[in-house]
Amino acid sequence: QVQLVESGGGLVQPGGSLRLSCAASNLVFIRQYTMAWYRQAPGKQRELVAAVNSGGITNYADSVKGRFTISRDYAKITVYLQMNGLKPEDTAVYYCNAKWTPTPHREYDYWGQGTQVTVSS
């Protein structure tokens, strides 16, 4: 059974930094997956924060560009989200996602349980 386990969340002051980790297990063909971080704040929809595809191309939400960096370590089967210059509006539950669509009729889509990030003084 595929598992994505996030860690690294917590309470941080505005301007601070956190690094989130997402460790994947039992994920076959992991190099084919697009790995992403999403977040969901109270009363809001889940939104894409950052993603890195199988070719290493990254994509960021406009609100985090220049502050957050997504990376993946194939040897450790882990994806990271380095978050710098944190703002109160970054407060949310952050979710790790792994997605692969090998054919138009087949999609593999997995989620972690989420980790809370709170930015407050």
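Numbering of residues starts from 1 in each chain and follows the order in which that chain's sequence is written. Per-residue local features are limited, in this predicted model, to residues with pLDDT of at least 70; the limit for side-chain atom pairs, both in listing and counting, is 80 or more; totals at the level of whole chains, interfaces and linings are taken over all residues. Working from all heavy atoms in the structure, the side-chain values ignore hydrogens and water.

Student: Looking at this model, I keep getting lost on the overall build of the protein chain. Mind explaining?
Tutor: For the protein chain, the count of helices and strands is zero helices and 11 strands. Each radius of gyration is computed over the set of C-alpha atoms, and the globule rule expresses the reference value as 2.2 Å times the number of residues to the power 0.38. The C-alpha radius of gyration of the protein chain comes to 14 Å, within 12% of the 14 Å expected for a compact globule of 121 residues. Per-residue accessibility, obtained with a 1.4 Å probe over protein chains only, is compared with the maximum for each type, and a residue is labelled buried under 20%, exposed over 50%, and partly exposed between these values. Of all 121 residues assigned to the protein chain, the portion counted as buried reaches 40%. Note on definitions: a residue-residue contact is assigned when non-hydrogen atoms from the two residues lie within 4.5 Å. Of the contacts made within the protein chain by residues no fewer than 6 positions apart, 53% connect residues no fewer than 24 positions apart. The way it works is that DSSP assigns letters per residue, a run of H or I at least four long becomes a helix, a run of E at least two long becomes a strand, and they are numbered from the N terminus.

Student: Quick question: what am I supposed to make of the packing of aromatic side chains here?
Tutor: Aromatic ring pairs are reported here in terms of the distance separating the ring centres and the angle at which the planes meet. The aromatic pairing rule takes the rings of Phe, Tyr and Trp, using the six-membered ring of Trp, and pairs them if the centres are within 6.5 Å, calling planes under 30 degrees apart stacked, those over 60 edge-to-face and the rest tilted. Applying the stated criterion to the full structure yields five aromatic pairs. When the ring of tryptophan 100 is compared with that of tyrosine 108, the centres are 5.7 Å apart and the planes differ by 25 degrees; the resulting orientation is stacked. Feature note: the residues Phe29, Tyr33, Trp100, Tyr108 and Tyr110 constitute an aromatic cluster, connected by ring pairs. One residue, arginine 31, lies across the ring of tyrosine 74, its end atom 4.0 Å from the ring centre. Here arginine 46 stacks its cationic end above the ring of tyrosine 95, 3.8 Å away from the centre of that ring. Only when the NZ atom of a Lys or the CZ atom of an Arg is both within 6 Å of the ring centre and within 35 degrees of the ring normal do we say a charge sits over the ring.

Student: What is the right way to look at the environment of leucine 11 in this model?
Tutor: Relative to the helices and strands, leucine 11 resides in strand β2 (residues 10-12). Sequence-wise, leucine 11 and threonine 91 are 80 residues apart; in three dimensions their C-alpha atoms are separated by 9.1 Å. For leucine 11, the contacting residues outside a window of four places in its chain are Thr118 and Ser120.

Student: Could you clarify how one ought to interpret the sheet that holds strand β3 (residues 18-25) in this entry?
Tutor: Within a sheet, each strand pairs with its neighbour through backbone hydrogen bonds, oriented either parallel or antiparallel. In this analysis, strands are considered paired if DSSP registers two or more bridges between them. Taken together, the four strands give an open sheet; going across it, the order is β1-β3-β8-β7, and neighbouring strands pair in antiparallel fashion. Because the sheet does not close on itself, it has two edges, and the strands there are β1 (3-7) and β7 (68-73). When strand polarity is set aside, the average angle formed by the axes of neighbouring strands in this sheet is 15 degrees. Bridging between β7 and strand β8 (residues 78-83) involves six bridges; their strand directions are antiparallel. Note on β8: the bridge partner recorded for arginine 72 is valine 79. An axis is simply a line fitted to the C-alpha atoms; with a helix, the fit covers only the stretch in contact. Between two such axes, the angle follows the N-to-C directions and lies from 0 to 180 degrees.

Student: Explanation requested: the pattern of salt bridges in the structure shown.
Tutor: Side chains that differ in charge, positive against negative, can pair when their charged atoms come close. The term salt bridge refers to a pairing of a side-chain nitrogen on Lys or Arg with a carboxyl oxygen on Asp or Glu at a separation within 4 Å. What the rule picks out here adds up to four salt bridges. Taking the shortest distance from any N to any O, the salt bridge between glutamate 47 and arginine 39 comes out at 2.7 Å. A salt bridge links aspartate 90 to arginine 67; the shortest N-O distance between them is 2.8 Å. Remark: arginine 67 occurs in the loop between β6 (58-60) and β7 and aspartate 90 occurs in the loop between β8 and β9 (92-103); sequence separation between them is 23 residues. The class of aspartate 90 is buried, set by a relative accessible area of 1%. Among the residues examined, arginine 67 registers a relative accessible area of 13% and is labelled buried. Each member of the salt-bridge network shares a partner with another, and the members are Arg39, Glu47, Arg67 and Asp90.

Student: How should the pairing of strand β4 (residues 34-40) be read in this particular structure?
Tutor: Side chains on a regular strand alternate between the two faces of the sheet. Taken across its seven residues, β4 has five buried, putting it largely inside the fold. Between β4 and strand β5 (residues 47-52), which pair antiparallel in sequence order, lie six residues; one of them, glycine 43, sits at a positive phi of approximately 75 degrees.

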